[in-house]
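# Chains, contacts and geometry: an overview
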Amino acid sequence: VFQTPLLGRGPLSVERLDELIAQGVSLKLLLGSLAAVRGWRGVVNDLRAALKARDDEKNKARLTLHQGGKTGGVLGMLALDRSGLPKVTMRNIVLILENDPRWVGHIKRNEFTGNVEIEGGEGMRPLADEHIRRMVVWLDENYAIAPTSGLAHEGICHVADDHKYHPVRDYLNGLVWDKQRRVHLLFSRYAGAVDTSIVRSISERALISCVARVMEPGCKVDTVPVLQGKQGCKKSTFVQVLAGADW
């Protein structure tokens, strides 16, 4: 039986602690109050151990439920603590995100923008604080791992760096030439320039330079075409249509 100013008087048990916690009393404050009573430190340590053991059993039951389901055998890859639960380590987080079927291929590094991206219902989107918070909750719910936001972020970035893609290169590499020469007509046909040999040469070299700088970043290009025209004649629109609004 305990009696303290904070807790009042009552029988000491894990159930009683649960009852007080349900009433809004902090577990840390509860145990601290009990530990302050002379001779009770050992009892408090036993209570801590009992609470941890009970929570471990709950987490194990949760993991058992997931083992035969969506985890795809990932649990067998993870480092476990003495209680048989996954350790909260970056390696475990990376293994989960690399191998859990729900995440495979959904975390990438966009080499064009430099952003880490997560694929959702609307395609690939830059990683945001909301994604990290949701990841922390997801890891706890599915693997009984409760990492800090910082550790979860590092794990996501590590996985993304192992799965890089470049949307512009992928687009260019996927093109199939129809054997029709048209690059030399870029500025005369679509930008209103006079069709001369120098304009044709500039058209070719301008597009070659754009592709080269994407495929070989930092390669030497010493020239840039300048579009001249009245305001509103769609000079910027010309470039946007050519390169695509996203690029």
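Everything numeric in this text was worked out from a predicted model, so none of it was measured.

Further remarks concern the packing of aromatic side chains. A complete count under the given rule lists four aromatic pairs for this structure. Ring centres 5.7 Å apart and planes at 85° place the aromatic pair Trp 103 and Trp 138 in the edge-to-face group. Of the two residues, Trp 103 is situated in the loop between helix H4 (90-99) and strand E3 (107-110) and Trp 138 in helix H5 (residues 129-143); the sequence distance between them amounts to 35 residues. By the burial criterion, Trp 103 is buried, and Trp 138 matches it. Ring-pair connections join several aromatic residues into one group, and the members of that group are Trp 103, Trp 138 and Tyr 143. We note Lys 108 situated over the ring of Tyr 165; from NZ or CZ to the ring centre the distance is 5.6 Å.

This next bit is on the packing of H5 against helix H6 (residues 149-161). Put simply, H5 and H6 touch, their axes get as near as 9 Å, and they point 100° apart. One finds that H5 runs roughly perpendicular with respect to H6. Of H6, the residues touching H5 (which contributes Ile 132, Met 135 and Val 136) are Ser 149, Ala 152, His 153 and Ile 156. Taken together, the residues that form the contact of H5 with H6 break down as five nonpolar, two polar and no charged.

How each quantity is defined
Residues numbered from 1 in each chain as written. Predicted model: local features only at pLDDT ≥ 70, side-chain atom pairs only at ≥ 80, totals over all residues. Heavy atoms only, no water. Phe/Tyr/Trp six-rings, centres within 6.5 Å; stacked < 30°, edge-to-face > 60°. Helix = DSSP H or I, 4+ residues; strand = E, 2+ residues; numbered from the N terminus. Buried < 20%, exposed > 50% of the residue type's maximum accessible area, 1.4 Å probe, protein only. Lys NZ or Arg CZ within 6 Å of the ring centre and 35° of its normal. Axes fitted to C-alpha atoms, helices over the stretch in contact; angles between N-to-C directions. Parallel < 35°, antiparallel > 145°, perpendicular 65-115°, else oblique. Contact = heavy atoms within 4.5 Å. Nonpolar A, V, L, I, M, F, W, Y, C, P; charged D, E, K, R; others polar.

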